[in-house]
Amino acid sequence: MKYRAVFARSIGWAAIVLPVATSAAAHDIITTNLTFTRDISRILARHCIACHGAESSIPLVTYEQVRPWAVGIKEQVLTRRMPPWGAVKGFGDLTPDYGLGQEDIMIIAAWVIGGAPQGNPALLPKLPAPARTVSSSSVEDALTIETRNVLKEGLCVAGVNPLTDTVVDSARVIAKLPDGRIEPLVWLYHFDPKYRHNFLFRRPLNLPKGTVIESSAPLRFALETAASGTDRRKRLSHTQGT
Ligand code: HEC
């Protein structure tokens, strides 16, 4: 621990035994096998450092940067305020899905409660630069819905675009198909229009005429379809690339 080494040097060896024991009792009772280098850094790399990179106001890249924020990080992820993705992972088949899964949330919480140890720096993975863009250029708003609507004709839906100006605490958007099946579309949770983006499906959903689209809470949102001209643009960029 860097600060202990510095402390030891400044007060000299004679006094070191007691201060180290005290500082260990105050800060470093480690009761977890989870470590920053092996377990936490990869979660932060995937879900946080696109916004909390080295240049940001709250950098969360190195252990020295993360450690003072440990308790705050635990609170932010347990209450699902961070990352501000705005939807519950696993409800609807989204891609990309930057939501933090329950398991990762529990790993972070257990690491913080267990004393937030660093672990062996040699285990720190080489972190790839995070790619974090939700491309909306390939879709467009096809139908605007106020909380509930019945499709008058079939629609191939590529995603959901929340059109809200206020924070949405919780709103589950589902499609009830005429044959009785229910398709989960997206569960907005602490969705903040400050971090507005579309939620796109891995595969477009073919919703037949008569499908009921419904949000569990008042919500204005648009259903997305593939933008007209997308195929042509794709072909163009493909020819240019080769
Ligand atoms: C899309 C960008 C973005 C992502 C991704 C993101 N954050 Fe943040 N975070 C912010 C911004 C902006 C703030 C500044 C305060 C605010 O707006 O609430 C912040 C603030 C924080 C704070 C300080 C909160 C306080 O006490 O004021 C913590 C801790 C935090 N983020 C942790 C995380 C963690 C952990 C992750 C990943 C699981 C994460 N963030 C992912 C944008 C992001």
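Located above this text is the structure these notes cover.
### Examining the sheet that holds strand E2 (residues 148-150)
- Read from one edge of the open sheet, 4 strands run E2-E7-E4-E5, paired in antiparallel fashion. A strand with exactly one partner marks an edge of an open sheet, and here the two such strands are E2 and strand E5 (182-191). Going across the sheet, the axis of each strand differs from the next one's by a mean of 10°, ignoring polarity.
- With 4 bridges connecting them, strand E4 (residues 168-176) and strand E7 (residues 212-215) associate as antiparallel partners. Residue isoleucine 174 lies in a different strand from E7, and its bridge partner there is glutamate 214.

### Some details on the site of the ligand
- Contacts to the ligand come from 16 residues, most closely from Cys48, Cys51, Gly72, Met82 and Pro83.
- Examining the composition of the shell around the ligand, we find that 4 residues originate from one element, helix H5 (residues 70-78), more than from any other.
- For the shell around the ligand, the residue count by class is 12 nonpolar, 4 polar and no charged.

### With respect to the environment of glycine 154
- As for its placement among the helices and strands, glycine 154 is situated in the loop between E2 and strand E3 (155-162).
- Looking at glycine 154, the number of C-beta atoms within 10 Å reads 12, which means it is exposed.
- Separated by 53 residues in sequence, glycine 154 and leucine 207 have C-alpha atoms that sit 5.6 Å apart.
- With near-sequence residues (within four places) excluded, glycine 154 lies in contact with Asn206, Leu207, Pro208 and Lys209.

### A look at the environment of isoleucine 213
- Mapping isoleucine 213 onto the fold places it in strand E7.
- Put simply, isoleucine 213 and asparagine 149 are 64 residues apart on the chain and 5.3 Å apart in space, counted from C-alpha to C-alpha.
- Apart from residues lying up to four places away in sequence, isoleucine 213 is in contact with Ile145, Arg148, Asn149, Leu151, Ala175 and Leu223.

About the cut-offs
Residues numbered from 1 in each chain as written. Predicted model: local features only at pLDDT ≥ 70, side-chain atom pairs only at ≥ 80, totals over all residues. Pairing = 2+ DSSP bridges. Helix = DSSP H or I, 4+ residues; strand = E, 2+ residues; numbered from the N terminus. Axes fitted to C-alpha atoms, helices over the stretch in contact; angles between N-to-C directions. Near = placed C-beta within 6 Å. Nonpolar A, V, L, I, M, F, W, Y, C, P; charged D, E, K, R; others polar. Buried ≥ 20, exposed ≤ 12 C-beta atoms within 10 Å, placed from the backbone. Contact = placed C-beta atoms within 7 Å.

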